[in-house]
Amino acid sequence: MESKQQHTVIRFILIFSMMVLGFVAVIVQIIYLQTSDSERWLKIANEQERVRREIPPIRGNIYDASGRLLAGSLPRYKLEMDMRVEALHLNNDSLFYTYLDSVSEGLASIFGDTSADEYKRILTREFQRNNRCFRLRPENVSYIEMKQVKQLPLFNKGRYTSGLIITPRHMRVKPFGSLASRTIGSIYGDNGEGISGLEKQYERMLHGKPGISEKSHINGSTEYITIQEPEDGYDIVTTIDANLQDIVESQLRETLIEKDAEWGCVVLMEVHTGEVKAICNLGKNTDGTYSEQKNYAVWRVEPGSTFKTVSLMAALDDGKVTLQDTFLTASKGWTYNGAVHHDAHQYDGYLTVRQALASSSNIVLAKIVTESYEKKAEKFVKRLDKMGIREPIPCEIPGAQDPRIDIPNDAVTLSKMAYGYSVELTPMQTLMFYNAIANDGKMIAPFCVKRIVKDGRTVKTFSAKTINSSICKESTLHDIRLALHDVVWDNQHGTASVTPWGRRKAQSDIVHIAGKTGTAQIFENGRFNSHRHRISFVGYFPEEAPEYTCICVIQRPHGSYDAGSDCGSTVRDIAIKTMAAAGTRKAADMAMPYDSISKPRIKGGLHKSIRKAATGSGVKVTKVDSQWAKVNEQMQSIAIEMPNTKVPNVIGMGARDAVYAIERTGMLVQIHGKGKVASQSLPPGSELIKNGTIYLELR
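Helix and strand counts for the protein stand at 22 helices and 28 strands. Counting the 699 residues in the protein, one finds 47% classified as buried. Taking as baseline every contact in the protein between residues at least 6 positions apart, the subset at least 24 positions apart corresponds to 66%. Approximately 35200 Å² of the protein is accessible, and the part contributed by carbon and sulfur atoms is 50%.

Here it is as structure tokens:
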């Protein structure tokens, strides 16, 4: 019995001892692994670790209405060479040195940035350094260049033999340059998020969904294997017409340069669809040039006199006035509750309501609104609500501001609201209101995106949102259109009709326009600056059957300026070119008759100079016994009398001769335009004005 117990104890001790020894061995092995052999095992663990990374998708494109690319992702490629590839080092590096010369010559030929010898020196140096990711080119290369490199000797043997690594990249490009660039927007880097414009607004759809790749080890090299393909972004088709956008930008830039303005914007909208066909925002750079900087078209500003149409529509619709009612104006102004209202074009006497809008009378509009709503300011604002002018409009452009038209707390504020102060609208919102007038009273919101497309298939379409099916009574709309017609076509009162010396502002015989001018003092440093203005013109064309509405706003023009002459003429020129581009006006209708361009036009002036210039050009003109002459279409000289005691007739002369003829009478001259004299402010034969000025319009 005792023998069995002893045997059991011995067995227990042996088993326990073995367990202790095993436990100690494990502890010793752990200590060894964590101290002496840790690096080797960590390396093995890292090699077995599953490492994943995102594969960026290709960002969607942005197109104009005709399918022309406005912004797209252009493929670019990063070229690297892994000098550690085993095949390059076999047989004493024979493969590398066998093809070194041909590769160097090929790279020099493809890129042309340095010599073949220099490429050979650099490749040899990096090979000896065993560089794992040597950049063959510092910058990314095009698809064609990438294909040419892949076909070079050595590189055509594949990645695992040559070490050539090609990594695709996508660079955001705008084929039309700055055209509508602020509306299109931009992104951060080539694969980043949209930070402005449509790029930002439609970021989620344009960006797409990234794919996934996983790190693997193949033949001693590390490679990422795609396990989930990226989903490329959707394409955006805008309402923008690249041709019309080019017209708008060129005309606006020309006006801004001429007026040395701070900034300007133009928006061109289709009347019945609400599609924005062109939108341009140009700001002045420090070097005096202009570029797309901010979305001025959706910035809220005081609209000035373009708001008078809104005020008049409210009063007409409420039956407070008719176009035939008259109001007294005075050059000294009109004082109301201690505030003095002035008209830019000073006039003493009565104006009808129709004439008041045409001449943009602050006094008359202030009287209309105060007499109609003096103690009912809330009713005036509610009338604006019924029009839809206070309604925030949907807009795809980030940062677009809502209108600010509050119920005034006092009568003076109400009187200033009548002509566009103490209210704020974006140019886009003002455009929307005038478009409703052109669209038979139906107010629709402007929009910039027509469709969203995926793999050539339309997945979503957009159309204009109706803000108000009828902004006013039919009779009111009829009266407003008559008044807006007069703004452009009433040569006595219209602020966008003609200049004092006969130059047309917004008038055109090719495309008839109706609209309204606007001028507002700029509020800065706590007050309105009477020397700094924001000028504008908004109108629709052709007036008989409106197709487009257009607004032009210019901030801080320098020198002499006039909303009708500057903004009105800009819209006029845009209208003419737009109708030609759209094919609505035939080229033959817009061109000069053949007879008028087949013969040279010779300016009148000093007869001796005329004959000399004509002879030098191979043209013969008849001779007359006179110091001054003009030439008709038959190349016949006609004598002109230039009395020193009367205003001379200088129409048809060049600038130099006209100035000479006038200044010898003792009067001064101010010239506008280029070419020959088309009109003069004082009629020929009238009495001279001592130290007076004659305005000449050249065309």
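Once the structure has been displayed, the description carries forward.
The next thing to look at is the nonpolar core. As a rule of thumb, soluble globular proteins bury nonpolar side chains together. One finds L312, F380, L384, M428, F433, I437 and I471 to be the most contacted residues of the largest nonpolar core, which totals 79 residues. Here this core gets 8 residues from one element, more than from any other, and that element is helix α16 (residues 427-438). Residues within four places of I437 in sequence aside, it is in contact with T309, M313, I471, L477, I480, R481, L484 and Y540. In terms of nonpolar packing, the next biggest core, distinct from the first, is built from 32 residues, L244, L256, Y290 and C567 among them.

Moving on to the packing of aromatic side chains. This model, assessed by the stated rule, comprises 12 aromatic pairs. When the ring of Y97 is compared with that of F127, the centres are 5.9 Å apart and the planes differ by 85 degrees; the resulting orientation is edge-to-face. Of this pair, Y97 sits in helix α3 (residues 86-111) while F127 sits in helix α4 (residues 116-128); the two residues are 30 residues apart in sequence, bridging distant segments of the chain. For F127, a relative accessible area of 3% translates into the label buried. An aromatic cluster is defined as three or more aromatic residues linked by ring pairs; in this entry it consists of F96, Y97 and F127. Above the ring of Y234, the side-chain terminus of K454 is found at 5.2 Å from the ring centroid.

Our next topic: the pattern of salt bridges. Pairs may arise between side chains of opposite charge once their charged atoms sit close together. By the definition in use, this model includes 31 salt bridges. The closest approach of N and O atoms between R84 and D82, which form a salt bridge, is 3.6 Å. Linking R172 and E199 is a salt bridge whose minimum nitrogen-to-oxygen distance equals 2.9 Å. With R172 in strand β5 (residues 164-173) and E199 in helix α8 (residues 197-201), the pair connects residues that are 27 residues apart, well separated along the chain. The burial state of R172 is the same as that of E199; both residues are buried. Salt bridges linked by common partners bring R59, R172, E199 and E203 together as one network.

Once that is clear, we can look at a positive patch on the surface. Residues K320, K376, K379 and K386 make up a contiguous surface patch of positive charge. Structurally, K386 can be placed in helix α14 (residues 377-387). Look at K386 and you get exposed, because its relative accessible area is 55%.

A separate point is the packing of helix α11 (residues 308-317) against α16. One way to put it is that α11 packs onto α16 with a least axis distance of 11 Å and a crossing angle of 50 degrees. Judged on the interaxial angle alone, α16 and α11 are oblique. For the crossing formed where α11 meets α16, the hand is left-handed. Here T309, V310 and M313 of α11 lie close against α16, whose contacting residues are F433, Y434 and I437. A class-by-class count of the residues in the contact of α11 with α16 yields 5 nonpolar, 1 polar and no charged.

Here we take up the confidence of the model for the protein. Residue-level pLDDT values for the protein average 85, and 85% of them are 70 or greater. Low pLDDT, under 50, characterises residues 590-599; the stretch is placed with 8 contacts to residues that sit more than four places away or in other chains.

Reading the values: the criteria
Residues numbered from 1 in each chain as written. Predicted model: local features only at pLDDT ≥ 70, side-chain atom pairs only at ≥ 80, totals over all residues. Heavy atoms only, no water. Helix = DSSP H or I, 4+ residues; strand = E, 2+ residues; numbered from the N terminus. Buried < 20%, exposed > 50% of the residue type's maximum accessible area, 1.4 Å probe, protein only. Contact = heavy atoms within 4.5 Å. Areas by Shrake-Rupley, 256 points an atom, 1.4 Å probe, with all protein chains shown as cover. Core = buried A, V, L, I, M, F, W, Y, C linked by side-chain atoms within 4.5 Å. Phe/Tyr/Trp six-rings, centres within 6.5 Å; stacked < 30°, edge-to-face > 60°. Lys NZ or Arg CZ within 6 Å of the ring centre and 35° of its normal. Salt bridge = Lys/Arg side-chain N within 4 Å of Asp/Glu carboxyl O. Patch = residues over 30% accessible without salt bridge, like charges linked within 9 Å, V, L, I, M, F, W, Y side chains within 5 Å. Lys, Arg positive; Asp, Glu negative; His and termini not counted. Charge placed at Lys NZ, Arg CZ, Asp CG, Glu CD. Axes fitted to C-alpha atoms, helices over the stretch in contact; angles between N-to-C directions. Parallel < 35°, antiparallel > 145°, perpendicular 65-115°, else oblique. Left-handed = near helix turned anticlockwise from the far one by under 90°. Nonpolar A, V, L, I, M, F, W, Y, C, P; charged D, E, K, R; others polar. pLDDT = per-residue confidence, 0-100.

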